[in-house]
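# Survey of secondary and tertiary structure
Here is how the chains run, residue by residue.
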Amino acid sequence: MSSRPASATPLAHPAAPTVRPALIWTALIVVYVLWGSTYLGIRVAVESLPPLTSAAARFAAAAGVLALVLRARRGPGALRVDRRQLGSAALVGVLLLAGGNGLVVLAESGPPGVALPSGIAALLVATVPLLVVLLRTLGGDRPRLWTFAGVALGFVGLVLLVVPTGGSGTVPVVGALTVVVGATSWSVGSFLSGRIRMPADPFVATVYEMVAGAVALAVIAVARGELRGFSPAEVTGRSWAALAYLMVAGSLVAFTAYVWLLHHAPISLVATYAYVNPAVAVALGALLAAEPVTVQVMLGGAVIVAGVAVVVSTERPRRAVDGAAAEAARR
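The present account deals with the structure reproduced in this document. This one's a predicted model, so the numbers in the text were calculated from it and none came from an experiment. (Residues numbered from 1 in each chain as written. Predicted model: local features only at pLDDT ≥ 70, side-chain atom pairs only at ≥ 80, totals over all residues. Heavy atoms only, no water.)

### Section: a nonpolar patch on the surface
Together, Val156, Leu160 and Leu299 make up an exposed nonpolar region whose accessible area comes to about 240 Å². Assignment of secondary structure puts leucine 299 in helix α12 (residues 295–314). For leucine 299, a relative accessible area of 48% puts it in the partly exposed group. (Patch = residues over 30% accessible without salt bridge, like charges linked within 9 Å, V, L, I, M, F, W, Y side chains within 5 Å. Areas by Shrake-Rupley, 256 points an atom, 1.4 Å probe, with all protein chains shown as cover. Salt bridge = Lys/Arg side-chain N within 4 Å of Asp/Glu carboxyl O. Helix = DSSP H or I, 4+ residues; strand = E, 2+ residues; numbered from the N terminus. Buried < 20%, exposed > 50% of the residue type's maximum accessible area, 1.4 Å probe, protein only.)

Here it is as structure tokens:
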């Protein structure tokens, strides 16, 4: 959930040296396509892999690779943090990955009619910026009036998307609610990441978040009995390939591109991923997995994306927050 924006808008950073527009757009396309495709990747991975076990393996592997790269480039002390920073990163990682991403993975697993289509999961996850606005309001912040209008519009789209219609293309309600709960967990983690003492370096924060999330996911997977009777020999090649894709493309390549963009591109431009990713996910699900795109999906999805677009375009970054690692960790 995939994942995050720690707030309704990405992070504010000091001005960086000017770079060629072609490089910026290349990085944007990488974020658009790779993060948008992770929802389909999850669906393929859970065809024959235990859902939470596969998520735990994904983040554990990505954390290990990133930790090795940081140590090789910066030396033995690259990952040094104090106990408070470690605890904060672990808490955020559990909320984002075990709660946020884990519930998305669960929602996309199961037989047809029960499993939530990947495109719809992406549309529901797109409500995260809207939920973060509500959390900010409860925390004493005062978003703009247009921001609240965007939030209201987005939640109207959410209702349109999940309300039962009785047709063959009806969205599985249990799966949809599971993703909404996951999006709420993701939003709480994103909200807290800007208000508690996190590691200053987003790459270092990501390592500890992914480790904590992987451990929590593994514990829950064992408690659910996912490994009982599981045989790696029964996993299909396409599921292994999807898991590898999620590790490399979603958690490493796209994250690096996102962090680079935060330092070299206008915030308003980087923020467009929040409503481009769902469109990419719906298109890929329809083209590559024959997921139905009904009138209900198109209408509800369009209203959600419009609401997110209003929020993203009207919000000003009011403070610098450590949220890049949190966002990238779920993807």
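### Observations regarding the packing of helix α11 (residues 273–289) against α12
With their axes 9 Å apart at the nearest point, α11 and α12 run at an angle of 160° to one another. It follows that α11 is roughly antiparallel to α12 by the angle criterion. Seen from above, α11 lies across α12 with left-handed handedness. Residues Ala274, Tyr275 and Pro278 of α11 lie in contact with α12, whose contacting residues are Val305, Val308, Ala309 and Val312. Tallied by class, the residues present in the contact of α11 with α12 amount to 7 nonpolar, no polar and no charged. (Axes fitted to C-alpha atoms, helices over the stretch in contact; angles between N-to-C directions. Parallel < 35°, antiparallel > 145°, perpendicular 65-115°, else oblique. Left-handed = near helix turned anticlockwise from the far one by under 90°. Contact = heavy atoms within 4.5 Å. Nonpolar A, V, L, I, M, F, W, Y, C, P; charged D, E, K, R; others polar.)

### A few points about the layout of surface pockets
By volume, the largest pocket amounts to about 380 Å³. As for the largest pocket, its lining consists of 24 residues, and the residues nearest its centre are Arg43, Pro112, Gly113, Ala115 and Pro117. For the lining of the largest pocket, the class distribution of residues is 13 nonpolar, 7 polar and 4 charged. (1 Å grid on protein atoms, 1.4 Å probe; cavity = no way out; pocket = protein on both sides within 12 Å on 5 of 7 lines; lining within 4 Å. Points joined across faces, edges and corners; volume = space filled by probe spheres on them.)

### Re unusual backbone geometry
For alanine 290, which is not glycine, the phi dihedral falls at a positive 55°. Tracing the backbone shows alanine 290 in the loop between α11 and α12.

### Quick look at the packing of helix α3 (residues 83–108) against helix α7 (residues 173–193)
The N-to-C vectors of α3 and α7 enclose an angle of 165°; their axes lie 8 Å apart at closest approach. Taken together, the axes of α3 and α7 are roughly antiparallel relative to one another. The interaxial crossing formed by α3 with α7 has left-handed handedness. Contacts from Leu91, Val92, Leu95, Leu96, Gly99, Gly100, Leu103, Val104 and Ala107 of α3 reach α7 at Gly175, Thr178, Val179, Val181, Gly182, Ser185, Trp186, Val188, Gly189, Ser190, Leu192 and Ser193.

### Things to note about the packing of aromatic side chains
The way to describe two aromatic rings as a pair is by their centre distance and the angle between their planes. Tallied over the full model, the rule gives 4 aromatic pairs. Here tryptophan 35 and tyrosine 258 contribute two aromatic rings whose centre-to-centre distance is 5.1 Å and whose plane-to-plane angle is 45°, an arrangement assigned as tilted. Of this pair, tryptophan 35 sits in helix α1 (residues 21–45) while tyrosine 258 is found in helix α9 (residues 237–264), placing the two residues 223 residues apart along the sequence. Among the residues examined, tryptophan 35 registers a relative accessible area of 0% and is labelled buried. The exposure class assigned to tyrosine 258 is buried, which follows from its relative accessible area of 1%. (Phe/Tyr/Trp six-rings, centres within 6.5 Å; stacked < 30°, edge-to-face > 60°.)

### Describing the side chain of serine 37
Inspection of the secondary structure assignment puts serine 37 in helix α1. For serine 37, a relative accessible area of 9% corresponds to the buried category. For serine 37, the side chain forms a polar contact with the main-chain oxygen of leucine 34, separated by 2.8 Å. A polar atom in the side chain of serine 37 sits 2.6 Å from the side chain of tyrosine 245. Among residues more than four places away in sequence, those in contact with serine 37 are Tyr245, Val280 and Leu284. (Polar contact = N/O pair within 3.5 Å; in protein donor to acceptor, adjacent residues only side chain to side chain.)

### A closer look at the pattern of salt bridges
According to the stated counting rule, one finds 6 salt bridges in the structure shown. Notably, a salt bridge pairs arginine 74 with aspartate 201, separated by 2.4 Å at the nearest N-O pair. Remark: aspartate 201 occurs in the loop between α7 and α8 (202–223) and arginine 74 occurs in helix α2 (residues 51–74); sequence separation between them is 127 residues. As a salt-bridge pair, arginine 197 and aspartate 82 come within 2.7 Å of each other at their nearest N and O atoms. One end of the pair, arginine 197, is in the loop between α7 and α8; the other, aspartate 82, is in the loop between α2 and α3, with 115 residues separating them in the sequence.

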